[in-house]
Amino acid sequence: MRPQRLVDLLALVALVLLGVSAYLTWSSVDVGSGPTVDFQGKDLTSAPIVLAAAAVAAVVITKLGGTALRRVMSALLLLIGGVVVAVALQVRPGLDELSRLKPGLTHNANTDSFEILTGPAPWLALAGGLAVVAAGLIGLLTAHRWKRPTRRYERDPAATPADQWKAIDAGEDPTI
């Protein structure tokens, strides 16, 4: 598989993993006597989904420029992936923060008998962050080997709009 395609695939995988992590359980509070209260990733932090969108935008931009721009965007991907990994590893809210999100939680919970559990979403966010890091690393190492953007659809600067319409009327493609 070409490195360019591999970076695209890794960015797509990261987008899916980070998007899914926003809607799965990130943390849950077992209050003992009542039902378990679940908190989705989007309830706790919007960082993974926002950073996934930024990573996809960076991958799209790598298609438009030369080697230098690809390297800059790949370095940005490394940074974005590192931030996603840090968020996935560090976002572990305590009872005070969770009770601010759902005020009824402290009224239902006896503060001596509660347990905060971690759901599957941080692991998906971590995997998505690692995919972004891998995409950035591959991009940095192979940016010089990627195909250049094509000039196929660029207009001839000497051709006027009238010339282009005449070419279309004649059955020609003025972009070639």
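The structure presented is a predicted model; accordingly, all values stated were derived computationally and were not measured.

## Some remarks on the confidence of the model for the chain
For the chain, the average pLDDT comes to 80, and 78% of its residues sit at 70 or higher. Within the chain, helix 6 (residues 104-108) has the poorest average pLDDT of any element, 58, and helix 7 (residues 121-142) the best, 92.

## Notes on the packing of helix 4 (residues 67-90) against helix 7
Running from amino to carboxyl end, helix 4 crosses helix 7 at an angle of 160°, the nearest separation of the two axes being 7 Å. Regarding the angle of helix 4 to helix 7, the classification is roughly antiparallel. Considering only the axes of helix 4 and helix 7, their crossing is left-handed. Here helix 4 contributes Arg71, Ser74, Ala75, Leu77, Leu78, Ile80, Gly81, Gly82, Val84, Val85, Ala88 and Leu89 to the contact with helix 7, which in turn contributes Pro122, Ala125, Leu126, Gly129, Leu130, Val132, Val133, Ala135, Gly136, Leu137, Gly139 and Leu140. Tallied by class, residues from the contact of helix 4 with helix 7 come to 17 nonpolar, 6 polar and 1 charged.

## As for the pattern of salt bridges
A complete count under the given rule lists 2 salt bridges for this structure. Here aspartate 8 ties to arginine 5 by a salt bridge, and the two come within 3.8 Å at their closest N and O atoms. Taken together, the residues aspartate 8 and arginine 5, both in helix 1 (residues 3-21) and 3 residues apart, mark about one turn of the helix. You can call arginine 5 partly exposed: its relative accessible area is 48%. The shortest N-O distance in the salt bridge between lysine 63 and aspartate 8 comes to 2.8 Å. Here aspartate 8 lies in helix 1 and lysine 63 lies in the loop between helix 3 (47-62) and helix 4, a separation of 55 residues in the sequence. Its relative accessible area of 22% is what places aspartate 8 among the partly exposed residues. One network of salt bridges, in which partners are shared, links Arg5, Asp8 and Lys63.

## Digging into the environment of arginine 70
Of note, arginine 70 is situated in helix 4. For arginine 70, a relative accessible area of 1% corresponds to the buried category. Counting along the chain gives 11 residues from arginine 70 to valine 59, while the straight-line C-alpha distance between them is 8.6 Å. Polar side-chain contacts of arginine 70 include one of 3.2 Å to the backbone oxygen of glycine 65.

Cut-offs and rules
Residues numbered from 1 in each chain as written. Predicted model: local features only at pLDDT ≥ 70, side-chain atom pairs only at ≥ 80, totals over all residues. Heavy atoms only, no water. pLDDT = per-residue confidence, 0-100. Helix = DSSP H or I, 4+ residues; strand = E, 2+ residues; numbered from the N terminus. Axes fitted to C-alpha atoms, helices over the stretch in contact; angles between N-to-C directions. Parallel < 35°, antiparallel > 145°, perpendicular 65-115°, else oblique. Left-handed = near helix turned anticlockwise from the far one by under 90°. Contact = heavy atoms within 4.5 Å. Nonpolar A, V, L, I, M, F, W, Y, C, P; charged D, E, K, R; others polar. Salt bridge = Lys/Arg side-chain N within 4 Å of Asp/Glu carboxyl O. Buried < 20%, exposed > 50% of the residue type's maximum accessible area, 1.4 Å probe, protein only. Polar contact = N/O pair within 3.5 Å; in protein donor to acceptor, adjacent residues only side chain to side chain.

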